Each structure stands twice: as C-alpha cells, then as structure tokens.
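Each chain is listed here by its residues.
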Amino acid sequence: METRNVFKCFISSPGDCEIERNSCLNVLDRINSGLSKHLGVNFEKFMWEYDVLPDMGQNGQEIIDEYISKSNYDIFIGIMKNRFGHPTKKAGSGTEHEFNDALERKKNSPNSIPRILFFFGKEKVDLNSPEINEILEQHIKVKKFKSEISNRGIYIDFESIDAFEKAQEERNVKKGMI
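Residues numbered from 1 in each chain as written. Predicted model: local features only at pLDDT ≥ 70, side-chain atom pairs only at ≥ 80, totals over all residues. Heavy atoms only, no water.

Chemist: Just to check I follow, could you spell out the overall build of the protein for this structure?
Modeler: Each helix and strand in the protein was counted, giving 7 helices and 5 strands. Written out in order from the N terminus, the α and β elements of the protein read β-α-α-β-α-α-β-α-β-α-β-α. For the protein, the C-alpha radius of gyration of 17 Å lies close to 16 Å, the compact-globule estimate for 178 residues. Along the longest, intermediate and shortest principal axes, the C-alpha atoms of the protein span 60 × 40 × 30 Å. By residue count, 42% of the 178 residues in the protein fall in the buried class. Sequence-distant contacts in the protein: of pairs separated by 6 or more residues, those separated by 24 or more amount to 72%. Of the roughly 10300 Å² that the protein leaves accessible, carbon and sulfur atoms contribute 51%. Separation between the mean location of the 26 positive side-chain charges and that of the 29 negative ones in the protein comes to 6 Å. (Helix = DSSP H or I, 4+ residues; strand = E, 2+ residues; numbered from the N terminus. Rg over C-alpha atoms; globule rule 2.2 N^0.38 Å. Buried < 20%, exposed > 50% of the residue type's maximum accessible area, 1.4 Å probe, protein only. Contact = heavy atoms within 4.5 Å. Areas by Shrake-Rupley, 256 points an atom, 1.4 Å probe, with all protein chains shown as cover. Lys, Arg positive; Asp, Glu negative; His and termini not counted. Charge placed at Lys NZ, Arg CZ, Asp CG, Glu CD.)

Structure below.
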C-alpha cells in the first residue's frame, strides 16, 4: 500500500488575486497528479471561500479564523498585487491578519510550521481608472506591508501568471518544500 505525507496549503489573498488563487489550485493539482506520486507527498488546498461554512454571531474574519485554526495547515501561501484588502479587528486587512497569525503560529511551533510563502505581483496600475484614488491608496498599503515583511523573511515577486506558476512549482518541489 502506498503512503504519502500530506501537506495542507492555506491560500490567502485580497480580492484582486482571483487568477493567482486559481493558479495555486492548478499548480498543486498538477504536482499531486505527477511528481508527488514519486516523492510520496500530496498537497491539500484550503481556501476560505470553499472550505468555510457561512455562519452568524461573529464577524466574517472571526468565522474564517475558526476554520483556519481547525485546518492545521502546513504551508501558508500569501498573495498580493495592488489591493491590500479590508481591515479586520486585528490588522489592516484579512490577508495581513492571516499572515500575522501564520507567523505567530510558526514562532510557537517546535518544527517551524507553517512554512510561509509570500508572493507579490507587479501588476501595473491603470492611471485612467475612475477609482484611481482608491487604487493608489490600496497600492500604497501593499507597498508598506511588503516593506514591513521584508525584514521577517524572503518573499517572491512575479510579473506574470506564468512566472507566478513557475515560482510556486519551484518553491513547493525543487526548493525542498516537500
């Protein structure tokens, strides 16, 4: 009987990263159906929009947090481009909140879990957009967050969806993620 080590991946990002979130799912599926069989591993995916049941009695982030803590994920994958997101009670955005929780969990873990990967997209800003003020405000928050986490570890910049997928595959397989 074949046995595999299972790594649960929690994918966190603001709303402008839908393509990248789906790309994460595709990359993990490709790894699971190919190379992972030879390496004896499997990746499970955890995303709040698929894995959290709607509920009442708490704010949205508190409901999501409850499921995140129960998921006991091994790998945190954070993604940002130009949107920072909406504030929570504990941070400037849900993604920042979830990153801080992952970092705290890692600090308190005897084996440094979860592994934290953070990707920043270099998407151009449309200066002619009617929402340019909000876009710039969000973009500035992303730049500030990126600067703040730069002294907590190494993040990965990407310029295109192809570069993003390549970086994920390299980090998850070739760099000893598994």
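There's plenty left to go through after this.
Chemist: Even after reading the chapter, I still don't get the sheet that holds strand β3 (residues 75-80), so can you show me in this structure?
Modeler: Hydrogen bonds between backbone groups are what pair the strands of a sheet, and the pairing can be parallel or antiparallel. The sheet built from 5 strands is open, its strands ordered β2-β1-β3-β4-β5 with parallel pairing. Where the open sheet ends on each side, the last strands, each with one partner, are β2 (41-46) and β5 (156-158). With strand direction ignored, the average angle separating the axes of adjacent strands in the sheet is 25 degrees. Strand direction decides the pairing type here: strand β4 (residues 115-121) and β5, joined by 3 bridges, are parallel. In the sheet register, F120 faces β5, and the bridge partner there is D157. Running at roughly 160 degrees to β2, helix α1 (residues 18-33) makes contact with β1 (5-12), β2, β3 and β5 of the sheet. Contacts between helix α6 (residues 132-149) and the sheet are confined to β3, β4 and β5, with β4 contributing the most and set at about 145 degrees to the helix. (Pairing = 2+ DSSP bridges. Axes fitted to C-alpha atoms, helices over the stretch in contact; angles between N-to-C directions.)

Chemist: Before we go on, may I ask you to explain the pairing of β3 in this structure?
Modeler: Within a regular strand, side chains alternate between the sheet's two faces. Burial analysis of β3 places 6 of its 6 residues in the buried class, the great majority of the element. Sheet topology places β1 next to β3; 4 bridges connect them, and they run parallel. Its bridge partner lying in β3, I11 is registered against I77. Here β3 pairs with β4 via 6 bridges, running parallel. Residue pairing across strands places G78 opposite F118, the latter belonging to β4. Handedness of the crossover is the feature at issue here: the chain leaves β3, passes through helix α5 (residues 94-107), returns alongside β4, and the resulting connection is right-handed. (Right-handed = clockwise from strand over helix to strand, strands pointing away.)

Chemist: Quick question: what am I supposed to make of the packing of aromatic side chains here?
Modeler: Within this structure, the stated rule accounts for 16 aromatic pairs. Consider the rings of F7 and F43, whose centres lie 6.0 Å apart with planes at 35 degrees: the pair is tilted. In this pair, F7 is assigned in strand β1 and F43 in strand β2, connecting sequence segments 36 residues apart. Its relative accessible area of 2% is what places F43 among the buried residues. A cation over an aromatic ring shows up here: K70 above the ring of Y67, its NZ or CZ 5.8 Å from the ring centre. (Phe/Tyr/Trp six-rings, centres within 6.5 Å; stacked < 30°, edge-to-face > 60°. Lys NZ or Arg CZ within 6 Å of the ring centre and 35° of its normal.)

Chemist: Would you mind showing me how to read the state of the cysteines here?
Modeler: A disulfide bridge is the covalent bond that connects two cysteines by way of their sulfur atoms. With the rule as written, the count across this model stands at 0 disulfides. Summary of cysteine pairing: C17 is not part of a disulfide, and the nearest cysteine sulfur, belonging to C24, is at 9.5 Å. (Disulfide = S-S within 2.5 Å.)

Chemist: Would you take a moment to explain a nonpolar patch on the surface for this structure?
Modeler: Taken together, the side chains of L127, L136 and I140 present a nonpolar region at the surface, about 300 Å² in accessible area. Its place among the elements puts L136 in helix α6. (Patch = residues over 30% accessible without salt bridge, like charges linked within 9 Å, V, L, I, M, F, W, Y side chains within 5 Å. Salt bridge = Lys/Arg side-chain N within 4 Å of Asp/Glu carboxyl O.)

Chemist: Where do I start with the pattern of salt bridges in this structure?
Modeler: A side chain with one charge can pair with a side chain of the opposite charge if their charged atoms come near. For the coordinates displayed, the defined rule picks out 15 salt bridges. A salt bridge links K122 to E159, with the nearest nitrogen and oxygen atoms 3.9 Å apart. One end of the pair, K122, is in the loop between β4 and α6; the other, E159, is in the loop between β5 and α7 (161-174), and 37 residues separate them in sequence. Residue classification places K122 among the partly exposed positions, given a relative accessible area of 44%. Residue class for E159 comes out exposed when judged on its relative accessible area of 63%. With a shortest N-O distance of 3.4 Å, K144 and E148 are connected by a salt bridge. You can see K144 and its partner E148 sitting in helix α6, 4 residues apart, about one turn around the helix. The partly exposed category is assigned to E148, whose relative accessible area is 35%.

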